[in-house]
Amino acid sequence: MNICIIGSGLTGLVAAYHLSNTADVEILERSPDIGGCLASYDHGPDTAIEKFYHHCFSGDKYLFQLLEEIGIRDRLAWRKGSTGYYVDGAIYPLTTPVEILRYPHLSLVDKIRLGLLVLGSRTIDAETLDDIPARVFAIRRCGEHAYTSFFEPLLRSKFGDMHDQVSAAWLMSRVSIRSNRGVEGERLGYLDGGFQVLIDRLEEDLTARGCIIRRETAATALRRTGEGWQVNGSPCDAVISTISPAALQAIGGPELAPIPYQGAACMTLGLAREVTDGIYWVNMKGDAPYGAVIGHTNFIADGRYGEHIVYLASYYRGSVPERLEERMLADFRTRFGVGQDEIHWHRLAIEDAAGPVYTTGYRRLIQPYARAGLYLAGMFSAPNYPERSMEGAVIAGRAVAREVLGTVA
Ligand SMILES: Cc1cc2nc3c(=O)[nH]c(=O)nc-3n(C[C@H](O)[C@H](O)[C@H](O)COP(=O)(O)OP(=O)(O)OC[C@H]3O[C@@H](n4cnc5c(N)ncnc54)[C@H](O)[C@@H]3O)c2cc1C
């Protein structure tokens, strides 16, 4: 049996990992790098830095199982992730209970209601909130002021103009996952050497088993031929697509549910000094052309990079906003008082299909693993609802491989 996998992101690599002992697997990847959203830049010997900031969470059971199987679990280290909020020119730390109590932009009543929402998020069944807008839910639970001064800027920075359409299912699952914290902050995992270690190890493993990974080879034409398929004119018994339903349709795939996707534009900067007051994750309130400033070296703070690494995170719909790189850089320099000579380097990573927008009713758009004779797994699959993640990619890759083995083999 020969199988063609479209896309070498984590879902595609994991699907190949579970299939390549039994089948001949070929992966097509349009980019020079593999890993998709989890791809990295080189940063000196044995150190890579993700193009898009990444960490994992303590509940990522299947990801940890995979790390164990491929022999890199010992590279996983747990760290504290501190958070803050940038409001009107100042960074307010919001990690410890004392810092939260001191935060001046919410009243005590707002804070108590927010605290109750966080506690409630741990037991609520997020899926039951799929048809309720996040805005309606948050106002009902925490009041108008807490919504406009706290939640709305966060939703805007993550979903832009579609922030009003996002479901409470997404909001509450996000609150739940980000509230796994002690008094010193959130407990987050990171692989020594970066998540590139995971991508490299999967590639080694797959190559050793005869799997072929074709870089810079986009799937451009998909065609049904009797019982099988042709991808770019080459025949195969089964196709697993890990790309967005719209991208699949554009190359000849079936019409699938119109899942709204958004793009991510993420700037990574190597700096001479620290700029976020020692905080890992600073959300931005206001009109900056990025929604968060992520002090990576305040998370991985052991000096391994020999400089400070900061990400500026932004999302967009449609095409990349005009002059984004220039505007991000200029705004960051002004707001954080960073001189040109303090910036060693910067790079902007763009990904048009960086994740679905979890609008109300999204659950009904989730795609099954098999559809119209094709196999589908990716950010649009059930394990990535109501938020896409590495864990979701690992589960979806494994599940689609099982589906293929159960039907085609
Ligand atoms: C900014 C950002 C931050 C994130 N942070 C975290 C985090 O902290 N923790 C976490 O758990 N998750 C995080 N994620 C989510 C996680 O990275 C993704 O859920 C996961 O990597 C998705 O893997 P995938 O294989 O499904 O999709 P992708 O990684 O998108 O892979 C799809 C692949 O298909 C390729 N492709 C597209 N079209 C074609 C074509 N026609 N032919 C061939 N190849 C094609 C693409 O180039 C890509 O390599 C983050 C994502 C982003 C964007």
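Each remark here, short or long, concerns the structure printed above.
Chemist: It is not clear to me how the overall build of the chain should be interpreted in this structure. Could you clarify?
Modeler: Counting its regular elements, the chain contains 12 helices and 21 strands. Taking 22 Å as the expected radius of gyration for a compact globule of 409 residues, we find that the chain reaches 21 Å, a close match to that expectation. With the principal axes as the frame, the chain shows a C-alpha extent of 65 × 50 × 40 Å. At a minimum sequence separation of 6, the contacts of the chain that also span at least 24 residues come to 71%. Working note: accessible area of the chain is about 17300 Å², and carbon and sulfur atoms make up 49% of it. Computing the positive centroid from 41 side-chain charges and the negative centroid from 49, the chain places the two 5 Å apart.

Chemist: I keep staring at the site of the ligand and nothing clicks. Help me out?
Modeler: Neighbouring the ligand are 28 residues; Thr11, Glu29, Cys37, His54 and Ala219 lie closest to it. At 3.1 Å, a side-chain N or O of Arg30 approaches an oxygen atom of the ligand. The contact in question runs from an oxygen atom of the ligand to an N or O atom on the side chain of His54, over 2.6 Å. For the ligand, whose unbound accessible area comes to 1000 Å², protein coverage reaches 94%.

Chemist: Which parts of the structure should I look at to understand the side chain of Lys158?
Modeler: Here Lys158 lies in helix α6 (residues 144–159). Residue classification places Lys158 among the buried residues on the basis of a relative accessible area of 11%. The contacts of Lys158, once residues within four sequence positions are left out, are Trp170, Gln262, Tyr315, Glu387 and Arg388.

Chemist: Mind showing me how you'd approach the packing of helix α5 (residues 134–142) against α6 here?
Modeler: For any two helices packed against each other, the geometry is given by the interaxial angle and the distance between the axes. The contact between α5 and α6 brings their axes to 8 Å, and the two run at 145 degrees. As α5 runs across α6, the sense of the crossing is right-handed. Contacts between α5 and α6 involve Ala134, Arg135, Ala138, Ile139 and Cys142 from the former and Glu144, Ala146, Tyr147, Phe151 and Leu155 from the latter. For the contact of α5 with α6, the per-class residue count stands at eight nonpolar, no polar and two charged.

Chemist: Explanation requested: unusual backbone geometry in the structure shown.
Modeler: What you tend to see is this: most non-glycine residues have negative phi, and most peptide bonds are trans. The residue after Tyr385, namely Pro386, is reached through a cis peptide bond having omega 0 degrees. Within the secondary structure, Pro386 sits in the loop between β21 (374–376) and α12 (390–407). Located in the positive-phi region is Asn232, a residue other than glycine, with phi close to 50 degrees. Positive phi outside glycine occurs at Asp277, with the angle close to 55 degrees. Tracing the backbone shows Asp277 in the loop between β15 (261–271) and β16 (281–284).

Chemist: I would appreciate a short explanation of the nonpolar core in the present structure.
Modeler: As a rule of thumb, soluble globular proteins bury nonpolar side chains together. By size, the foremost hydrophobic cluster in this structure holds 65 residues, and its most contacted members are Leu10, Ile27, Leu198, Leu202 and Ile240. Each residue touching Leu10, except ones within four places of it in the same chain, is listed here: Gly35, Leu38, Leu198, Leu202, Met390, Ala393 and Val394. In terms of nonpolar packing, the next biggest core, distinct from the first, is built from 50 residues, Phe151, Met162, Leu374 and Phe380 among them.

Chemist: Before we go on, may I ask you to explain the pattern of salt bridges in this structure?
Modeler: Pairing between side chains of opposite charge can happen when the charged atoms of each approach one another. Here the structure, examined in full by the defined rule, presents 18 salt bridges. As a salt-bridge pair, Glu387 and Arg174 come within 2.7 Å of each other at their nearest N and O atoms. Here Arg174 lies in helix α7 (residues 168–177) and Glu387 lies in the loop between β21 and α12, a separation of 213 residues in the sequence. Two residues, Arg335 and Asp331, come together in a salt bridge whose shortest N-O distance is 2.6 Å. Of the two residues, Arg335 and Asp331 both sit in helix α11 (residues 324–335), four residues apart, roughly one turn of that helix. For Arg335, a relative accessible area of 25% gives the class partly exposed. According to the relative accessible area criterion, Asp331 is buried, its value standing at 16%. Each of Lys158, Arg174 and Glu387 takes part in a single network of salt bridges with overlapping partners.

Chemist: How should I be thinking about the environment of Gly7 in this particular structure?
Modeler: Residue position: Gly7 is located in the loop between β1 (2–6) and α1 (10–19). When the C-alpha atoms of Gly7 and Arg30 are compared, they prove to be 7.4 Å apart, with 23 residues separating the residues in sequence. Sequence-distant contacts of Gly7, defined by excluding residues within four places in its chain, comprise Gly12, Ile27, Leu28, Glu29 and Thr242.

Chemist: Sorry if this is basic, but what is going on with the packing of aromatic side chains here?
Modeler: Where two aromatic rings form a pair, the distance of their centres and the angle of their planes describe that pair. The tally for this structure, following the rule as stated, stands at 18 aromatic pairs. Aromatic pair Tyr53 and Tyr311: ring centres 5.6 Å apart, planes at 70 degrees, arrangement edge-to-face. Here Tyr311 lies in strand β18 (residues 308–316) and Tyr53 lies in the loop between β4 (48–50) and α2 (61–69), a separation of 258 residues in the sequence. Measuring from centroid to centroid gives 5.9 Å for Tyr280 and Trp281, while their planes differ by 75 degrees, and the two rings are edge-to-face. Of the aromatic side chains, those joined through ring pairs into one cluster are Tyr53, Tyr190, Phe195, Tyr280, Trp281, Phe299 and Tyr311. For Arg187, the ring lying beneath its charged end belongs to Trp78, and the centroid distance is 4.4 Å.

So, how was this worked out
- Residues numbered from 1 in each chain as written.
- Predicted model: local features only at pLDDT ≥ 70, side-chain atom pairs only at ≥ 80, totals over all residues.
- Heavy atoms only, no water.
- Helix = DSSP H or I, 4+ residues; strand = E, 2+ residues; numbered from the N terminus.
- Rg over C-alpha atoms; globule rule 2.2 N^0.38 Å.
- Contact = heavy atoms within 4.5 Å.
- Areas by Shrake-Rupley, 256 points an atom, 1.4 Å probe, with all protein chains shown as cover.
- Lys, Arg positive; Asp, Glu negative; His and termini not counted.
- Charge placed at Lys NZ, Arg CZ, Asp CG, Glu CD.
- Near = heavy atom within 4 Å.
- Polar contact = N/O pair within 3.5 Å; in protein donor to acceptor, adjacent residues only side chain to side chain.
- Buried < 20%, exposed > 50% of the residue type's maximum accessible area, 1.4 Å probe, protein only.
- Axes fitted to C-alpha atoms, helices over the stretch in contact; angles between N-to-C directions.
- Left-handed = near helix turned anticlockwise from the far one by under 90°.
- Nonpolar A, V, L, I, M, F, W, Y, C, P; charged D, E, K, R; others polar.
- Core = buried A, V, L, I, M, F, W, Y, C linked by side-chain atoms within 4.5 Å.
- Salt bridge = Lys/Arg side-chain N within 4 Å of Asp/Glu carboxyl O.
- Phe/Tyr/Trp six-rings, centres within 6.5 Å; stacked < 30°, edge-to-face > 60°.
- Lys NZ or Arg CZ within 6 Å of the ring centre and 35° of its normal.

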